[in-house]
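Chain and residue survey
In case you want the letters, here they are:
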Amino acid sequence: MYQWRKFEFFEEKYAGKCLVPDEVAGKIECCSSGRGKIVVGCEDGTVSLLDRGFKFSYGFQAHTSSVLFLQQLKQRNFLLTVGEDEQISPQLSSVCLKVFDLDKTQPEGPSTSIPDCIQILRIFTNQFPEAKITSFLVLEEAPPILLIAIGLDNGCIYCIQGDIARERIKRFMLQVENRQDKTQCAITGMGFRVDGKAFQLFAVTPGSVSLFNLQTQPASRQTLDQIGCNVNSVAMNDRLELIIGRPEAVYFYEVDGRGPCWAFEGEKKFLGWFRGYLLCVIADQRSGTNTFNIFDLKNRLIAHSIVGKEVSHMLCEWGSILLIMSDKSALCIGEKDMESKLDMLFKKNLYTVAINLVQSQQADAAATAEVLRKYGDHLYSKQDFDEAMAQYIHTIGHLEPSYVIQKFLDAQRIYNLTNYLEKLHEKGLASKDHTTLLLNCYTKLKDVDKLNIFIKSEDGVGEHKFDVETAIRVCRAANYHEHAMYVAKKSGRHEWYLKILLEDLGRYEEALQYISSLEPSQAGVTVKEYGKILIEHKPTETIKILMELCTEEGETSKRGTSNGSYAYMLPSPVDFLNIFIHHPRSLMVFLENYIKKVKDSPAQVEIHNTLLELYLSSDLNFFPLMSLSNIGENGTSKPESSLGLASNSRVESNGKLPPEHKDENTEKDHQERLQKGLVLLKSAWPSDQEQPLYDVDLAIILCEMNAFKEGLLYLYEKLKLYKEVITCYMRSHDHEGLIACCKKLGDSGKGGDPTLWADLLKYFGELGEECSKEVREVLTYIERDDILPPIMVLQTLSSNPCLTLSVIKDYIARKLEHESKLIEEDRRMIDKYQEETTTMRKEIQDLRTNARIFQLSKCTACTFTLDLPAVHFMCMHSFHQHCLGDNEKECPECAPEYRSVLEMKRSLEQNSKSQDQFFHQVKNSKDGFSVIAEYFGKGIISKNSEGQAGSLNTTSTSTDDF
């Protein structure tokens, strides 16, 4: 004890001038505290209640003689007292137990009132003989149940349990010791221990320590020790341990026996427990003074010590320790706040004591960290860097890491800094900058073992305790490529793994194998990002991986289907066009392999467009502009095709490179690609589809730019642009092919366009060269199909000065002879029609001027003899009236023919109003003038809207008799 340091963690309140009020006149026999008050019992039987600061509240006469013991209950505002009253009879003891309800008062005189005494119990009865009471203890069970233990000088303990106020109680007795010497068997102290539903009672005598188990019936007794203590030297701590004070030491007892002991010498007059502190009043017999010590057993220090007068009572209330002296003076001792205690320790540089103090008093973590920081600063100032760092490590989570890092950035303290950063990462509180700094420390120290441990460490859920990207970047910068690759692979950062393999190490085959091991979606992303490097160094292997990605074959598709839920959509080859930007020949190989495997790709139009540009280009030292235009900023393809090919500076106006840049192999390769292009143009335009599987406009432009005649001819012919077809032959002056093309495309019987011969004749007429043979052949077809009149033929051919009249002499002769025959035939028809017209007019005139004689004797309908009433028509048909029925205005025999004529006339009148039909017939006819003449001849076109010619009226004449 004498080695323990003393501190003043407590201070006296009220300037040490507290006194028991004068209203408390008698000698104080007992005290109790609770519910914010101090209760004092005197030898004259009065009980006084004191407020904070020892201010007198009120008092009353509890017993007639003296108050021996009292206790203020905590759960209810009840006061239990044990005292002596007047003895009513010799058989009844004068000692009784009273229960006062401090919330209820009853008047006693005009100006005073006393609490209501709700119960009075006689402690001693015939079964429980009277003895001197040496200790008194009350346990509040579930209200209103109380358990009262009364210790006697004969070694017995009287127990009263139940609702005392209603006298629903039971009594039982516990026997501790039964010795002849009552001074060794008197109960000097007791303590209840409640652990769940277990009720236990410690009992102390001068010669023993016992423990009773009140759960058993009868209660079982266990002797814990053969030594005891005197009165007032017994207490219970907050861990429900029994404390007894003997001259040589202070002993602690648990349910299984004696625990630790503390060698505090001196007679223990009072023992107590306050907020984890041991309170001890030690009497000095020589000087007659009492020393009051407050022990901090955890930190092994004396928190307060004072030498004063003789202490008669000690209790705790109002958050303070109260000492009542024998002369009725008092001391009120309170604990200082934590900040004051720490400041006191800091001034003495007692940082270890400060740390233990805040930890023992369960201060918050921030306060503890602040003490540790100050301790670390103190050690740092003394250049004890290892111990300083040990303290700083304990502050992690509360102290800003930059505060510590700044102190240890010196190269000589890099080991300490590394240790701190490691702990920071272990607790998951490191930032990206901390990770960078720690890895730099490892690399500067060249501590590969620690670097391996750090890189391969994981937390409980399999994740790294550091920022992955930062670790990769720092290890890569320090040339620790294997470590960077490990972190990248472990964390699934495939882009970093491949970047290191390709850009730093150049291990292309390993990169390809890694890509093959990825899931299809991840593999596609990585190929888009690093495909340019892979195509440059490993084109064949890269194309193989692309085929596995874009088609349902290979290991990639097997991985995709192995999990049972194949929700992966195959990417399009168009998505990967950007990686071939400097390798168009590899692009051509890739797309050729793809279209062989996949016949119905959604992107087949874009693929065919790209292949056509590759096939038809004069060389492959460029990347298809169409493909570039289909690649967006993020590397994805656009669905629209581009026609911006004219900007290719490598191609001349005719699509050919200068001859000096060509050699035999290049020309052979070019021709092979042209043939592939022609095959693609034909195969990608099935005969059963109106549109091809490529962009026709783009294909025409490509063929024009690269002077690919065969492709142009095929496309124009498929689009039925026959005039453009013969234009191609005209540009190349291929007269033989031109005539053969017109024979194929100008046959109207096979759906051709006969006007091509007219264009061909115009071409020869403007040629300015000798082409008599070709002109004669053209004239043959023009004459056969009667495409042009002779006058237009003469006008067309007259522009060629190299042609003579002999070329068309036979053609003109035949045309004149044919025209003469037509004229003669027309004249014969005119004469015939004139004769018929004259005959009709005479007949009409005869009908109008002369009478008709009807001589038929039989009915035309029934062939019976005609009798009256009869009907005669101007067409010379006669009928019975009953044979005609209701229709007497038309001849049944002539009416159908007449109606057909009327219908034809009505149709012609309607056709005269349809201008579109008229112009359509004029446009599609070989001789438009004949169509106009026909309309005039039928009377459809005339000056008047209604014809002026008379019509034949078949009106009937009805006669009753002749």
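Criteria and cut-off values
- Residues numbered from 1 in each chain as written.
- Predicted model: local features only at pLDDT ≥ 70, side-chain atom pairs only at ≥ 80, totals over all residues.
- Heavy atoms only, no water.
- Helix = DSSP H or I, 4+ residues; strand = E, 2+ residues; numbered from the N terminus.
- Patch = residues over 30% accessible without salt bridge, like charges linked within 9 Å, V, L, I, M, F, W, Y side chains within 5 Å.
- Areas by Shrake-Rupley, 256 points an atom, 1.4 Å probe, with all protein chains shown as cover.
- Salt bridge = Lys/Arg side-chain N within 4 Å of Asp/Glu carboxyl O.
- Buried < 20%, exposed > 50% of the residue type's maximum accessible area, 1.4 Å probe, protein only.
- Pairing = 2+ DSSP bridges.
- Axes fitted to C-alpha atoms, helices over the stretch in contact; angles between N-to-C directions.
- Polar contact = N/O pair within 3.5 Å; in protein donor to acceptor, adjacent residues only side chain to side chain.
- Phe/Tyr/Trp six-rings, centres within 6.5 Å; stacked < 30°, edge-to-face > 60°.
- Lys NZ or Arg CZ within 6 Å of the ring centre and 35° of its normal.
- Parallel < 35°, antiparallel > 145°, perpendicular 65-115°, else oblique.
- Contact = heavy atoms within 4.5 Å.
- Nonpolar A, V, L, I, M, F, W, Y, C, P; charged D, E, K, R; others polar.

1. Quick look at the environment of Pro401
When you line up the elements, Pro401 lands in helix α6 (residues 401–407). Counting along the chain gives 30 residues from Pro401 to Ser431, while the straight-line C-alpha distance between them is 9.9 Å.

2. A word on a nonpolar patch on the surface
The grouping of Ile791, Met792, Leu794 and Leu805 at the surface amounts to a nonpolar patch, some 380 Å² of accessible area in total. Judged by relative accessible area, Met792 falls into the partly exposed class, the value being 39%.

3. Topic: the sheet that holds strand β20 (residues 234–236)
Spatial ordering of the open sheet is given by β20-β21-β22-β23, a layout of four strands whose pairing is antiparallel. Both outer strands of the open sheet, β20 and β23 (257–262), are each paired with one neighbouring strand and no more. Looking at each pair of strands side by side, their axes are set apart by 25° on average, direction ignored.

4. Remarks on the side chain of His425
In this structure, His425 sits in helix α7 (residues 414–426). Exposure remark for His425: the relative accessible area of 2% places this residue in the buried category. Of note is the side chain of His425, whose polar atom sits 2.8 Å from the side chain of Thr435.

5. Here we look at the sheet that holds strand β8 (residues 67–72)
Here four strands make up an open sheet; going across it, the order is β8-β9-β10-β11 and the pairing antiparallel. On the outer flanks of this sheet lie β8 and β11 (113–122), each paired with one strand and no other. With direction set aside, neighbouring strand axes in the sheet form an average angle of 25°. Sheet topology note: the β8/strand β9 (residues 78–84) ladder contains five bridges and is antiparallel. Within the sheet, the bridge partner assigned to Val67 lies in β9 and is Gly83.

6. A few points about the packing of aromatic side chains
Taken as a whole and assessed by the stated rule, the structure comprises 26 aromatic pairs. Here Phe128 and Tyr158 contribute two aromatic rings whose centre-to-centre distance is 5.0 Å and whose plane-to-plane angle is 75°, an arrangement assigned as edge-to-face. Placement of Phe128 in the loop between β11 and β12 (133–140) and of Tyr158 in strand β14 (residues 156–163) is noted, with a sequence separation of 30 residues between them. Overall, Phe128 belongs to the buried group, its relative accessible area being 9%. Its relative accessible area of 3% is what places Tyr158 among the buried residues. Here the aromatic rings of Phe264 and Phe295 are separated by 4.0 Å at their centres, their planes lie at 5°, and the arrangement is stacked. Placement of Phe264 in the loop between β23 and β24 (267–274) and of Phe295 in strand β26 (residues 289–296) is noted, with a sequence separation of 31 residues between them. Relative accessible area serves as the criterion here: at 1%, Phe264 is assigned to the buried category. Against the face of Phe9 rests Lys341, its NZ or CZ located 5.6 Å from the ring centre.

7. Let's talk about the packing of helix α3 (residues 351–360) against helix α4 (residues 365–381)
Running from N to C, α3 and α4 cross one another at 170°; their axes reach a closest spacing of 9 Å. Comparing their axes, α4 and α3 come out roughly antiparallel. Residues Tyr351, Thr352, Ala354, Ile355, Val358 and Gln359 of α3 lie in contact with α4, whose contacting residues are Thr368, Val371, Leu372, Lys374, Tyr375 and His378. Of the residues in the contact of α3 with α4, the class split is seven nonpolar, four polar and one charged.

8. Here's the deal with unusual backbone geometry
Both trends apply: most residues other than glycine have a negative phi, and most peptide bonds are in trans. Here Gln217 and Pro218 are connected by a cis peptide whose omega angle stands at -10°. Looking at the secondary structure, you find Pro218 in the loop between β18 (208–213) and β19 (220–225). With omega at -10°, the peptide bond leading from Leu868 into Pro869 counts as cis. Relative to the helices and strands, Pro869 resides in the loop between α28 (806–849) and β31 (870–873). A positive phi angle is found at Glu167, which is not glycine, with a value near 60°. Mapped onto the fold, Glu167 is located in the loop between β14 and β15 (168–175). When its relative accessible area of 47% is taken as the criterion, Glu167 is described as partly exposed.

9. Overview of the side chain of Ser878
Mapped onto the secondary structure, Ser878 falls in strand β32 (residues 878–880). Of the residues examined, Ser878 reaches a relative accessible area of 1% and is grouped as buried. Polar contacts involving the side chain of Ser878 include one to the side chain of His872, which spans 2.5 Å. With sequence-adjacent residues up to four places away left out, Ser878 is seen in contact with Leu856, Lys858, Cys859, Thr860, Leu866, Val871 and His872.

10. Some details on the pattern of salt bridges
Pairing is possible between side chains that carry opposite charge, provided their charged atoms lie close to one another. Taken as a whole and judged by the stated rule, the model has 27 salt bridges. A salt bridge links Asp225 to Arg258; the nearest nitrogen and oxygen atoms lie 2.5 Å apart. Here Asp225, found in strand β19, pairs with Arg258, found in strand β23; they are 33 residues apart in sequence, far enough to count as distant. A relative accessible area of 11% means that Asp225 is categorised as buried. Arg507 serves as the salt-bridge partner of Glu482, at 3.2 Å between the closest nitrogen and oxygen. Taken together, the positions of Glu482 in helix α11 (residues 481–491) and Arg507 in the loop between α12 (494–505) and α13 (508–517) put the pair 25 residues apart, joining distant regions of the chain. Accessibility expressed as a relative area gives 29% for Arg507, which makes it partly exposed. One continuous salt-bridge network, built from bridges that share partners, spans Arg275, Glu335 and Lys341.

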